[in-house]
Amino acid sequence: MITLEIHYRKLENMYHLGPINRELYKGVQLTVSHERAEIIQPIESKFFHAGQSLHGSVYFKLLDDAAYFAVQSTIQDFFILTTTFNIQLLRPVTSGTVKAVGNLTFKSKNLFIADAILYDEKNREVARGSGTFIKSQHLLSEKMG
């Protein structure tokens with residue numbers, strides 16, 4: 001097993017190297033720590049729906065990713081999978097940056113629950129989510145990240 005700090009850095013690198021983040025979410029920053037993850041994303045107009053504010057799919061992605069990595073921070077052998085994720089959209093975002101903060105709230109041998117909150121740059125809650133995650137059978141590689 002690798003140290004937890006190395007595990008966290010490898011998860012961060014894995015996230016940043018993902019094609020979706022390299023192509024669509026340039027500028028995204030993930031920080032992983034014990035049972036917690038924070039994602040900061042600059043807002044661009046390419047993320048907007050016709051009403052000129054952040055599309056719900058972006059809220060979902062950031063909340064799910066933050067909750068996911070809060071869980072994955074505790075697991076070094078297998079990838080985890082999101083099985084359910086529910087979100088509540090609280091207010092529109094039209095500019096600036098947003099920060100998603102995910103925290104692991106429940107864990108058992110193979111089932112995990114994590115919550116995430118999305119904040120605007122004025123530190124107001126703009127969305128929240130909660131998800132259920134399970135271990136997959138896909139091994140994490142020693143070379144990941």
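Above this note sits the structure.
Residues numbered from 1 in each chain as written. Predicted model: local features only at pLDDT ≥ 70, side-chain atom pairs only at ≥ 80, totals over all residues. Heavy atoms only, no water.

### Considering the pattern of salt bridges
Thinking step 1. In total, this model carries nine salt bridges according to the counting rule given.
Thinking step 2. With its nearest N and O atoms 2.7 Å apart, the salt bridge here joins arginine 36 to glutamate 38.
Thinking step 3. Given a relative accessible area of 30%, arginine 36 falls into the partly exposed group.
Thinking step 4. Residue classification places glutamate 38 among the partly exposed positions, given a relative accessible area of 23%.
Thinking step 5. Note that lysine 46 is salt-bridged to glutamate 44, the shortest N-O span being 3.9 Å.
Thinking step 6. Looking at glutamate 44, the relative accessible area reads 30%, which means it is partly exposed.
Thinking step 7. Residues joined by salt bridges that share partners form a network here, namely Glu5, Arg9 and Glu12. (Salt bridge = Lys/Arg side-chain N within 4 Å of Asp/Glu carboxyl O. Buried < 20%, exposed > 50% of the residue type's maximum accessible area, 1.4 Å probe, protein only.)

### Notes on the sheet that holds strand β2 (residues 36-42)
Thinking step 1. If you trace the six strands from one edge of the open sheet to the other, you get β1-β2-β4-β5-β6-β3, paired in antiparallel fashion. Each edge of the sheet is formed by a strand with only one pairing partner; in this case those strands are β1 (29-33) and β3 (78-89). Taken pair by pair, the neighbouring strands of this sheet meet at an average axis angle of 20°, ignoring direction.
Thinking step 2. With five bridges joining them, β1 and β2 adopt antiparallel strand pairing. Following the sheet pairing, leucine 30 is matched in β2 by isoleucine 39.
Thinking step 3. Strands β1, β2 and β3 of the sheet are contacted by helix α1 (residues 4-17), whose axis makes an angle of about 155° with β1.
Thinking step 4. Strands in contact with helix α3 (residues 56-72) are β1, β2, β3, β4 (97-107), β5 (111-119) and β6 (125-139); relative to β3, the strand with the most contacts, it is inclined by about 140°. (Pairing = 2+ DSSP bridges. Helix = DSSP H or I, 4+ residues; strand = E, 2+ residues; numbered from the N terminus. Axes fitted to C-alpha atoms, helices over the stretch in contact; angles between N-to-C directions. Contact = heavy atoms within 4.5 Å.)

### Some details on α3
Thinking step 1. In this model α3 runs 24 Å from its N-terminal to its C-terminal C-alpha over 17 residues, within 8% of the 24 Å that 1.5 Å per residue would give.
Thinking step 2. Most of α3 sits out of view: 14 of its 17 residues are buried. (Expected span 1.5 Å × (residues − 1).)

None of the figures reported here should be taken as evidence of function without further support.
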